[in-house]
Amino acid sequence: MKNITVIGSGTMGNGIAHTFAQHGFNVALVDINADALNRAIQTITNNLDRQLKKGTIDEKQKADTLNNIITHTDLITAAANADLVIEAATENSDIKLKLFKQLSEICGDDTILASNTSSISITQIASVTKKPENVIGMHFMNPVPVMKLVEVIRGYATSNVVTQKVMELAQQLDKNPVEVNDYPGFVANRILMPMINEAIYTLFEGVAGVNEIDTVMKLGMAHPMGPLQLADFIGLDVCLAILNVLYSGFGNQKYAPCPLLVNMVTAGHLGVKSGSGFYKYIAGSKEIIVADKFS
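In the nomenclature of an unreviewed UniProt entry, the protein chain is known as 3-hydroxybutyryl-CoA dehydrogenase of Mucilaginibacter mallensis.

Given below as structure tokens:
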């Protein structure tokens, strides 16, 4: 596999494109919005500059990485000759199903179709395609160029051959792939999201404040980031969407999203991406302070 198409140029999409391009793959990065693509290339350039400053890459590697990425606003042009397509669009099942149905018509019979979904069923996604055996999950962690884990999710019909190819491909990216089966939340989010949700409930019920909850988990459990700050980093809308998938998939009350989380998302307080969640974020500053609502 040499030609990789990445659909979606947001945080995950540009990170995936960056990672493949840095490892010598030809990457077609697709988005419906040309401005979003320009922002993605600027983000990749900034991240490469950070690597350059740290001495982990040189100027030639930076230039080669950027040269390996071509941006597209037309899905057909970008995906027609792909060996692997990775969808990194919004965590919305309707959008994903529509995309995979299109990809099934556009791509060749041997093209592997992967989703970077963090919770949506690979089996469901594969059901709208002509060759469900070629559909698989590749759940990268954020930030993609740094984090080593890739959850490789087998749908009900995913073939052994496709699974093995994707596992080997992830290793070529210097990642550590872990094969998991297709059940709501897979492994990472089935464990992580209830913890985040419980932290929000702990705040909601007045047990402790934002700083206190995060400090307990950082100092007591050796977590690099507290669960409330992590929720802001992931995006509170994404956390809510994943919890809804878990709640719907298992029908178990323990996955029910905390009302505080629902209210914050409804009000548009989504974390880092909106500038405010459990903490306030100031553009250009690394300093964070507890949001006024919770201080």
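More follows now that the structure is in view.
**Observations regarding the overall build of the protein chain**
What the protein chain contains, in helices and strands, is 12 helices and 10 strands. Here the C-alpha radius of gyration of the protein chain, 19 Å, is about what a compact globule of 295 residues would show, namely 19 Å. Counting only C-alpha atoms and orienting by the principal axes, one finds that the protein chain spans roughly 55 × 45 × 35 Å. Counting the 295 residues in the protein chain, one finds 46% classified as buried. Long-range contacts, defined here as pairs at least 24 residues apart, represent 64% of the contacts in the protein chain between residues at least 6 apart. Summing over all exposed atoms, the protein chain offers an accessible surface of approximately 14400 Å²; the carbon and sulfur share of this is 53%. Taken together, the 23 basic and 28 acidic charged side chains of the protein chain have centroids lying 2 Å from each other.

**Describing the domain arrangement of the protein chain**
Each assigned domain of the protein chain is listed here: domain 1 (3-181) and domain 2 (189-290). On a C-alpha basis, the centroid separation for the pair domain 1 and domain 2 is 26 Å. The interface is formed by seven residues belonging to domain 1 together with five residues belonging to domain 2. When the two sides are added together, the surface that domain 1 and domain 2 hide from each other amounts to roughly 460 Å², 59% of it contributed by carbon and sulfur. Between domain 1 and domain 2 we count zero salt bridges in total. Where domain 1 packs against domain 2, one counts one residue pair in polar contact (both at pLDDT 80 or more). Among the residues making up the side of domain 1 that touches domain 2, the classes are represented as two nonpolar, four polar and one charged.

**Quick notes on the pattern of salt bridges**
Evaluation of the coordinates by the stated rule reveals nine salt bridges. The partner of Asp-64 in a salt bridge is Lys-60, with the nearest N and O atoms 2.7 Å apart. Placement of both Asp-64 and Lys-60 in helix H3 (residues 59-67) is noted, with a separation of four residues, approximately one turn of the helix. The residue Lys-96 makes a salt bridge to Glu-91 at a minimum N-O spacing of 3.6 Å. Each of the salt bridges in this network shares a partner with another, and the network as a whole consists of Glu-87, Glu-91 and Lys-96.

**A look at unusual backbone geometry**
Following Asn-142, the chain continues to Pro-143 via a peptide bond in cis, the omega torsion being 0°. Tracing the backbone shows Pro-143 in the loop between strand S6 (135-140) and strand S7 (149-154). Even without being glycine, Phe-186 reaches a positive phi, approximately 55°. Residue position: Phe-186 is located in the loop between strand S8 (176-181) and helix H8 (188-204).

Criteria and cut-off values
Residues numbered from 1 in each chain as written. Predicted model: local features only at pLDDT ≥ 70, side-chain atom pairs only at ≥ 80, totals over all residues. Heavy atoms only, no water. Helix = DSSP H or I, 4+ residues; strand = E, 2+ residues; numbered from the N terminus. Rg over C-alpha atoms; globule rule 2.2 N^0.38 Å. Buried < 20%, exposed > 50% of the residue type's maximum accessible area, 1.4 Å probe, protein only. Contact = heavy atoms within 4.5 Å. Areas by Shrake-Rupley, 256 points an atom, 1.4 Å probe, with all protein chains shown as cover. Lys, Arg positive; Asp, Glu negative; His and termini not counted. Charge placed at Lys NZ, Arg CZ, Asp CG, Glu CD. Domains from an automatic or database assignment. Buried area = accessible area lost by both parts, 1.4 Å probe. Salt bridge = Lys/Arg side-chain N within 4 Å of Asp/Glu carboxyl O. Polar contact = N/O pair within 3.5 Å; in protein donor to acceptor, adjacent residues only side chain to side chain. Nonpolar A, V, L, I, M, F, W, Y, C, P; charged D, E, K, R; others polar.

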